[in-house]
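# Results of the structural survey
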Amino acid sequence: MQRWIILAVVTTALTGLAAPAQADDPVPATTVVTLGDAKIDPKLPGRVRVDVDYLCSVADEARSLTVSVEQKDPQDSSSIAFGSSRTAEADVVCDGTQQQRQIVVQSKTFNWIPDVDAVLTATVSNLGATPPAAADAKRVTLTTAPAAPAATTS
């Protein structure tokens, strides 16, 4: 009887040691994209800088990152500022780690209006991969970025 109890304890201990080896197998990351803040460039009011975080797994397929911004003028409902920016495939880093980018979006129609809501959309497309894309969209109030301090000479 005593031998059986010792054998059961040793078998359980060995099984417990083998389980973590299976847990160490890397799980491929799915593609996710998250929008952050958006700020109007104080020197070029037709440009807005959008913060984007994304994560995608390593793959042979090309990836595409597209960010768009749309803003209606509260004084004139027929005026809409709109722009989008697509990042070159070579600049979209997909190595399974979180990436942070600031994308500049130029309005194709009107200058961006400070302190007015805009709709941001970001998409990471996995060309030829599954899932085919991940996206995030949200409404934010565009603010003007602080101007860079002027250079001083002594």
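Residues numbered from 1 in each chain as written. Predicted model: local features only at pLDDT ≥ 70, side-chain atom pairs only at ≥ 80, totals over all residues. Heavy atoms only, no water.

## Brief notes about the overall build of the protein chain
Within the protein chain, the regular secondary structure consists of 1 helix and 7 strands. Going from N to C terminus, the protein chain has its helices and strands arranged as α-β-β-β-β-β-β-β. Long-range pairs, those at least 24 residues apart, make up 64% of the contacts in the protein chain between residues at least 6 apart in sequence. (Helix = DSSP H or I, 4+ residues; strand = E, 2+ residues; numbered from the N terminus. Contact = heavy atoms within 4.5 Å.)

## Some words on the pairing of strand E6 (residues 116-126)
With burial as the criterion, only one face of E6 is covered, namely that bearing Val 116, Ala 118, Leu 120, Ala 122, Val 124 and Asn 126; the residues Asp 117, Val 119, Thr 121, Thr 123 and Ser 125 on the opposite face remain uncovered. Summarising the sheet, strand E3 (residues 63-73) and E6 pair through 8 bridges and their orientation is antiparallel. Considered in E6, the bridge of Glu 70 is made with Val 119. In the sheet, E6 pairs with strand E7 (residues 133-144) via 10 bridges, with the strands oriented antiparallel. (Buried < 20%, exposed > 50% of the residue type's maximum accessible area, 1.4 Å probe, protein only. Pairing = 2+ DSSP bridges.)

## Points about unusual backbone geometry
Excluding glycine, residues mostly have negative phi values, and the peptide bonds linking residues are mostly trans. Unusually for a residue other than glycine, Asp 115 sits at a positive phi of about 65 degrees. Mapped onto the secondary structure, Asp 115 falls in the loop between strand E5 (99-106) and E6.

## Examining the pattern of salt bridges
Per the stated rule, a full pass over the model turns up 2 salt bridges. A salt bridge links Asp 41 to Arg 49, with the nearest nitrogen and oxygen atoms 3.2 Å apart. A salt bridge links Arg 86 to Glu 89; the nearest nitrogen and oxygen atoms lie 3.4 Å apart. (Salt bridge = Lys/Arg side-chain N within 4 Å of Asp/Glu carboxyl O.)

## Focus: the confidence of the model for the protein chain
With 75% of its residues at a pLDDT of at least 70, the protein chain reaches an overall mean of 80. Across residues 3-26, where pLDDT falls below 50, the model places 0 contacts with residues more than four positions away in sequence or in other chains. (pLDDT = per-residue confidence, 0-100.)

## Observations concerning the environment of Thr 121
Its location among the elements puts Thr 121 in strand E6. The spacing of Thr 121 and Leu 35 is 86 residues in sequence and 7.7 Å in space, taken between C-alpha atoms. Look past the residues within four positions of Thr 121 in its chain and what remains in contact with it is Leu 35, Thr 66, Val 67, Ser 68, Asp 136 and Ala 137.

## Some details on the nonpolar core
Across soluble globular proteins, you tend to see nonpolar side chains buried next to one another. Membership of the largest hydrophobic core comes to 25 residues, with the highest contact counts inside it found for Val 48, Val 50, Val 52, Val 69, Val 105, Trp 112 and Leu 142. Looking at this core, the elements with two or more residues in it are strand E1 (32-40), strand E2 (47-55), E3, E5, E6 and E7. In contact with Val 105, not counting residues within four places along its chain, are Gly 46, Arg 47, Val 48, Val 50, Val 67, Val 69, Gly 83, Ser 84, Ser 85 and Trp 112. (Core = buried A, V, L, I, M, F, W, Y, C linked by side-chain atoms within 4.5 Å.)

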